[in-house]
Amino acid sequence: MATKSQTSIELPIFDISQPLDKSSLSSLSQACKDWGFFHITNHGVSKELYKQLYSLSNLLFNLPMESKLKVGPFSDIKSYTPHFIASPFFESLRVSGPDFFASAQASAMVLLNQQNSEFSEILKEYGSKMTELAKRIVQVVLMSLGENFEHKFYDSEFGNCHGYLRIINYTPPESVTQEEVEGLGMHTDMSCITIVYQDQIGGLQVRSKEGNWLDINPCEETLLVNIGDLMQAWSNGRLRSSEHRVVLKRFANRFSLAFFWCFEDQKVICAPDEVVGEGHLRAYKPFVCGDYVKFREISSGEGKFEKVGFTVKDFAGTTS
Ligand SMILES: O=C(O)CCC(=O)C(=O)O
Ligand SMILES: [Fe+2]
């Protein structure tokens, strides 16, 4: 539990390569309820692959702004989010599945002015690793919710999920103005689950139920997983989609990779009765996934980043 003086949170770590025993499932369910965040280990992504992704990220983000804007918000490809959209210090490149190779290639052709198949091969490898992991994570999360829930609900409810990746570069401010600078403001994710790789710089924080910001320190050889809004709604609030943000505390570039695993746009999200549980009220009206995504985009303003302060509770909550 968080106490007043606490500044960071120790999250449980689960070995995702092994079946989880009963006590691990119960600690997973507790972590998802309290924080909506946990770590996984033995995820099968090598240090070498992260090194390659890091150098590719540097290569990309060091390109002149005019090159990056060729795949920016006003281009056909729209994979690049420039500074001053999410924050002055944040820029990102999106690579979408299921064909991560083709998506990466479309950006690489324009950005690097050539067919850089190394770039696309590496993103294909990372995208497919994340896809496999996301499927496995959804299964264990379902197991933690109830007996046999992975068999009952995985194929029918999560069988058409899709993923996309954001390669993120945080540039620190040039001068010291205040103690902490937000690299990415408070938000919840519009995913079922998100898998985050953060480098050793740290800076990711989760907001406790009491409203305190707690650091999630980087933990070597693990990946961070968080529950998103779609899963919070689908689980009738039993899984928590926590508000989180990134603060830039040090004068160093910060590199992260966020993989979002989402329901298909046309899916109607409605918690199954068994998940709601007898005697419990329904916390969300059924809604179409794509309508929520649109609501978030509109709420945050035309052309703005899709993540500012509006959540699924505002959209489909049955209580205020
Ligand atoms: O950069 C990070 O560590 C987290 C990014 C994040 O929360 C997001 O993109 O939704
Ligand atoms: Fe996030």
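Shown above is the structure to which this text applies.
Residues numbered from 1 in each chain as written. Chains lettered and ligands numbered in written order. Predicted model: local features only at pLDDT ≥ 70, side-chain atom pairs only at ≥ 80, totals over all residues. Heavy atoms only, no water.

(A) Region of the structure containing the environment of Leu59. Along the chain, the position of Leu59 falls in helix 2 (residues 47-61). C-alpha of Leu59 to C-alpha of Gln205: the two residues are 146 residues apart in sequence and 27 Å apart in space. (Helix = DSSP H or I, 4+ residues; strand = E, 2+ residues; numbered from the N terminus.)

(B) Just the pattern of salt bridges, in detail. Counted under the stated rule, the structure contains twelve salt bridges. Two residues, Lys152 and Glu274, come together in a salt bridge whose shortest N-O distance is 2.9 Å. A residue pair is termed long-range when its members are at least 10 positions apart, and Lys152 in helix 6 (residues 149-158) and Glu274 in helix 8 (residues 273-276) qualify at 122 residues. Taking the relative accessible area as the measure of exposure, Lys152 reaches 40% and is therefore partly exposed. Residue class for Glu274 comes out partly exposed when judged on its relative accessible area of 43%. (Salt bridge = Lys/Arg side-chain N within 4 Å of Asp/Glu carboxyl O. Buried < 20%, exposed > 50% of the residue type's maximum accessible area, 1.4 Å probe, protein only.)

(C) Highlighting helix 1 (residues 22-34). Taking 1.5 Å of rise per residue, the 13 residues of helix 1 would be expected to cover 18 Å, and the 18 Å separating its terminal C-alpha atoms lies within 8% of that figure. Those residues of helix 1 that sit buried are Ser24, Leu25, Leu28, Ala31 and Cys32. Buried residues along helix 1 cover an arc of 125 degrees about the axis, so they all sit on one side. Residues of helix 1 that are exposed and point more than 90 degrees away from the buried face comprise Lys22 and Ser23. (Expected span 1.5 Å × (residues − 1). Arc of directions from axis to C-beta.)

(D) Fine view of the sheet that holds strand 11 (residues 244-248). Spatial strand order, 6-11-8-9: four strands in an open sheet with antiparallel pairing. The open sheet has two edge strands, strand 6 (181-187) and strand 9 (213-215), and neither has a second partner. Here the strands of the sheet are splayed against their neighbours by 25 degrees on average, with no regard to which way each runs. Pairing of strand 8 (residues 204-207) with strand 11, which is carried by three bridges, proceeds in the antiparallel orientation. Looking at the pairing, Val206 lines up with His244 of strand 11. (Pairing = 2+ DSSP bridges. Axes fitted to C-alpha atoms, helices over the stretch in contact; angles between N-to-C directions.)

(E) Representation of the packing of helix 1 against helix 5 (residues 117-145) within the structure. One way to put it is that helix 1 packs onto helix 5 with a least axis distance of 8 Å and a crossing angle of 95 degrees. As judged from the angle between their axes, helix 1 and helix 5 are roughly perpendicular. Of the residues in helix 5, those in contact with Leu25, Leu28 and Ser29 of helix 1 are Val140, Val141, Met143 and Ser144. Looking at the contact of helix 1 with helix 5, its residues break down into five nonpolar, two polar and no charged. (Parallel < 35°, antiparallel > 145°, perpendicular 65-115°, else oblique. Contact = heavy atoms within 4.5 Å. Nonpolar A, V, L, I, M, F, W, Y, C, P; charged D, E, K, R; others polar.)

(F) Fine view of the packing of aromatic side chains. This structure, assessed with the given rule, holds 19 aromatic pairs. Judged by centre distance (5.5 Å) and plane angle (80 degrees), the ring pair of Phe90 and Tyr170 falls under edge-to-face. Of this pair, Phe90 sits in strand 4 (residues 90-96) while Tyr170 sits in strand 5 (residues 162-170), placing them 80 residues apart in sequence. The burial state of Phe90 is the same as that of Tyr170; both residues are buried. When the centroid spacing of 4.9 Å and the interplanar angle of 70 degrees are considered together, the rings of Phe158 and Trp234 count as edge-to-face. Taken together, the positions of Phe158 in helix 6 and Trp234 in helix 7 (residues 229-234) put the pair 76 residues apart, joining distant regions of the chain. For Phe158, a relative accessible area of 1% puts it in the buried group. The buried category is assigned to Trp234, whose relative accessible area is 0%. An aromatic cluster of at least three residues, connected via ring pairs, comprises Phe149, Phe153, Tyr154, Phe158, Trp234 and Phe263. Across the ring face of Tyr164, the terminal group of Arg94 is positioned such that the distance to the ring centre comes to 3.8 Å. (Phe/Tyr/Trp six-rings, centres within 6.5 Å; stacked < 30°, edge-to-face > 60°. Lys NZ or Arg CZ within 6 Å of the ring centre and 35° of its normal.)

Just distances and angles here, no functional claims.
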